Every structure is written in C-alpha cells, then in structure tokens.
Amino acid sequence: RFSGFFWGGGVLGGLTMEPAVLDFSTVRIGASESRQVMLFNSASCAVPFTLGYTLAPNAEADDSGSLLEFSTKEGVLPARTHIAVNVRFSPVQRMPYRLVAYCAHGPG
C-alpha cells in the first residue's frame, strides 16, 4: 500500500497538484498501478517544474529509485493552464510504503 502526499517546494507562481493524497491500495510485487494527478498553474506567467519523490520520514522502504514514475517529469506549464500527469507505483518488496512526491520550481 502506498500513501503519500504532494507538495510544492519553492514554487514561484502558483503550481498545485490534486489530489493531495494518492492511495494505490494493494499492489503485487512485480506489478504496477497508475493514478492520475492534475498539475495546475494559477500564475499569470509560465512556470518551469520538476516532479520527483522521496521516502517519507521514518519510512523503511528500500528505494531502488523507481518506486514512483511520472508520465511527465519536467516541463514548463503555461500561465493559467493545467496538465494531467500519470503516476505509476511499482513496489519492490512487500511492505507498506510511505512516499512524498514533490513539485519543484524549474528543471532538475
């Protein structure tokens, strides 16, 4: 089971992601499940962004670097627009996962 939340760090403008929490329920090892989030830019200017994730504090998961994959990892979101981003979760061991996905201002 994956539970986590999305947050914007250091974003100038108005980038937000919805929903704030994704629940993948139970996913078998070797399988994957996908969910969709919407990335919104409420600013009056284009905003470059990068999506990523980290393990939540006190998480015990072994992160192979590919637990979460984003269909769009970085780009520039035009003013007052939104895009749909698919998020794929692929567990590598049997355990409850707690991951924090983030949206940072600018590429890389």
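Scroll up a little and you will see the structure.
What this report covers is the structure whose coordinates are included nearby. Just so we're clear, the structure is a prediction, and the values are computed from it rather than from any experiment.

Aromatic ring pairs are reported here in terms of the distance separating the ring centres and the angle at which the planes meet. One pass over the full model with this rule turns up 2 aromatic pairs. Taken together, a centroid distance of 5.3 Å and an interplanar angle of 75 degrees make the contact between Phe89 and Tyr97 edge-to-face. For the pair shown, Phe89 and Tyr97 are each scored as buried.

The step from Glu18 to Pro19 runs through a cis peptide bond, and the omega angle for that step is 0 degrees. Along the polypeptide, Pro19 turns up in the loop between β2 (15–18) and β3 (21–23). At Ser25, a position not held by glycine, the phi torsion is positive, near 60 degrees. Relative to the assigned elements, Ser25 resides in the loop between β3 and β4 (33–41). If you check the backbone angles, Arg80 has positive phi at about 50 degrees while not being a glycine. The residue Arg80 is located in the loop between β7 (74–77) and β8 (81–89) in this model. Judged by relative accessible area, which is 62%, Arg80 ranks as exposed.

With that settled, the discussion passes to the sheet that holds β8. Pairing is antiparallel across the open sheet formed by 4 strands, whose spatial order is β2-β4-β8-β6. The two strands at the open ends of the sheet, each matched to only one other strand, are β2 and β6 (68–70). Taking the axes of each pair of neighbouring strands and ignoring which way they run, one obtains an average angle of 30 degrees across the sheet. Both β2 and β4 contribute to a ladder of 4 bridges, which runs antiparallel. Bridging across to β4, Leu15 finds its partner in Asn41.

The next thing to look at is the environment of Leu39. Inspection of the secondary structure puts Leu39 in strand β4. Residue class for Leu39 comes out buried when judged on its relative accessible area of 0%. Placed 10 residues apart in sequence, Leu39 and Phe49 show a C-alpha to C-alpha distance of 9.9 Å. Setting aside residues up to four positions removed in sequence, Leu39 forms contacts with Thr16, Met17, Phe49, Leu77, Thr81, His82, Ile83 and Cys103.

Cut-off values and rules
- Residues numbered from 1 in each chain as written.
- Predicted model: local features only at pLDDT ≥ 70, side-chain atom pairs only at ≥ 80, totals over all residues.
- Heavy atoms only, no water.
- Phe/Tyr/Trp six-rings, centres within 6.5 Å; stacked < 30°, edge-to-face > 60°.
- Buried < 20%, exposed > 50% of the residue type's maximum accessible area, 1.4 Å probe, protein only.
- Helix = DSSP H or I, 4+ residues; strand = E, 2+ residues; numbered from the N terminus.
- Pairing = 2+ DSSP bridges.
- Axes fitted to C-alpha atoms, helices over the stretch in contact; angles between N-to-C directions.
- Contact = heavy atoms within 4.5 Å.

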